[in-house]
Amino acid sequence: MEIFSPSMESDIGELDETHDEVNEGGSVDWRNEISEMKEPVCEDTDVFPDWDLPSNSVMAEMKNLNVTVNIRLSVEDEYLREQGSDKLALICKSIQAQNIHSDISIVAADGSTLPANKCFLAAHSHVLKVCLEKNNKIEMPDVSKECVESLIGYFYSMEITKAEKCSSLAVELFQVAHKYEVTALEEKISGMLLLRSNSWYDVDAAVGLLHFVKGVETSSGAKMLKMRGKVLQVLKSKRQGLKTSETFKKLFDEDPETAMELCMMA
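This is a predicted model, so every value here is computed, not measured.

## Remarks on the overall build of the chain
Right, on to step 1. For the chain, the helix and strand inventory stands at 14 helices and five strands.
Right, on to step 2. For the chain, buried positions account for 32% of its 266 residues.
Right, on to step 3. Intrachain contacts of the chain at a sequence separation of at least 6 include 62% that bridge at least 24 residues.
Right, on to step 4. As displayed, the chain offers around 17700 Å² of accessible surface, 51% of which is attributable to carbon and sulfur atoms.

Here it is, written out as structure tokens:
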């Protein structure tokens, strides 16, 4: 089975085996160019197992059988991405890294001020768009500097690399995304939190997530109910860690009902 790269077909066109050059005055040997490209790899295996072939009469009956063939394709990542989108991502990251025409700032819980561009924030969040119509500064007194950095980074790159490695940051970013209605980010982190293994979660992060989910599940419906079930599963597997969790201790003052629920579970 042959697989062709769309970029090769569109950029090169049909090739004639009898010609080494292309068009009038061309001096490029496209066959040499192609040999240097990383072509997709397709691995197939024999469909029939290693056994004695059946008789002719049985073979005739087999012609009417429906056979499912599983084919494994190994494709380089570069064939899954559009070059244009890669360049756009680099430009957006460059805008953030160089603070090009930054026109607003976000103040984190520790007083740190981080620059950004209004257009990027407004494009991701209607709530932030409204806030920015009257102010050039957004106060986030309950959000850590690390979380604000991750939030701004997502606005430019659509990536949450640090949050993928840290449960506490992921939970905080999830809460901020919900608060400011950054819908795409909320859904991205929600899917990640549901798929992560119990061992990935920090106990304090899981307790904080449960407290948050219980506070918004009525307005958010089935999505948060599903998240609540996941967090309870996580905490059940880590019930010994509740004994030393500072977040769990604070929960008795902030949400005694949830705290008692966890005590009964543990």
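## Things to note about unusual backbone geometry
Right, on to step 1. The backbone of M158 shows a phi angle near 65°, a positive value even though the residue is not glycine.
Right, on to step 2. Here M158 shows up in the loop between α7 (145–157) and α8 (161–165).
Right, on to step 3. Judged by relative accessible area, M158 falls into the partly exposed class, the value being 43%.

## Things to note about the confidence of the model for the chain
Right, on to step 1. When pLDDT is averaged across the chain, the result is 77; 66% of the residues are at 70 or more.
Right, on to step 2. Of all secondary-structure elements in the chain, the lowest mean pLDDT belongs to helix α1 (residues 6–12), at 39, while helix α9 (residues 167–179) reaches the highest, 97.
Right, on to step 3. Low pLDDT (under 50) marks residues 1–51, which in the prediction has 44 contacts with non-local residues, meaning those over four places away or in another chain.
Right, on to step 4. Note that residues 75–82 has pLDDT below 50 and, in this model, six contacts with residues that lie over four places away or in other chains.

## Re the side chain of S105
Right, on to step 1. Tracing the backbone shows S105 in strand β3 (residues 104–107).
Right, on to step 2. Take S105: its relative accessible area is 14%, and that puts it in the buried class.
Right, on to step 3. If sequence neighbours within four positions are ignored, S105 has contacts with T113, L114, P115, N136, K137 and I138.

## Regarding the sheet that holds β3
Right, on to step 1. Taken together, three strands build an open sheet; the order of strands is β4-β3-β5 and the sheet is mixed. Taken across any chain shown, the strands that pair with only one partner, and hence form the sheet edges, are β4 (113–116) and β5 (137–139). In this sheet, neighbouring strand axes are inclined to one another by 25° on average, regardless of whether the strands run parallel or antiparallel.
Right, on to step 2. Here β3 runs beside β5; their pairing, made up of three bridges, is parallel. Each bridged residue has a counterpart across the sheet, and for S105 the counterpart in β5 is K137.
Right, on to step 3. Against the sheet, α7 contacts β3 and β4, and its axis sits at roughly 5° relative to β4.

Rules of the game
Residues numbered from 1 in each chain as written. Predicted model: local features only at pLDDT ≥ 70, side-chain atom pairs only at ≥ 80, totals over all residues. Heavy atoms only, no water. Helix = DSSP H or I, 4+ residues; strand = E, 2+ residues; numbered from the N terminus. Buried < 20%, exposed > 50% of the residue type's maximum accessible area, 1.4 Å probe, protein only. Contact = heavy atoms within 4.5 Å. Areas by Shrake-Rupley, 256 points an atom, 1.4 Å probe, with all protein chains shown as cover. pLDDT = per-residue confidence, 0-100. Pairing = 2+ DSSP bridges. Axes fitted to C-alpha atoms, helices over the stretch in contact; angles between N-to-C directions.

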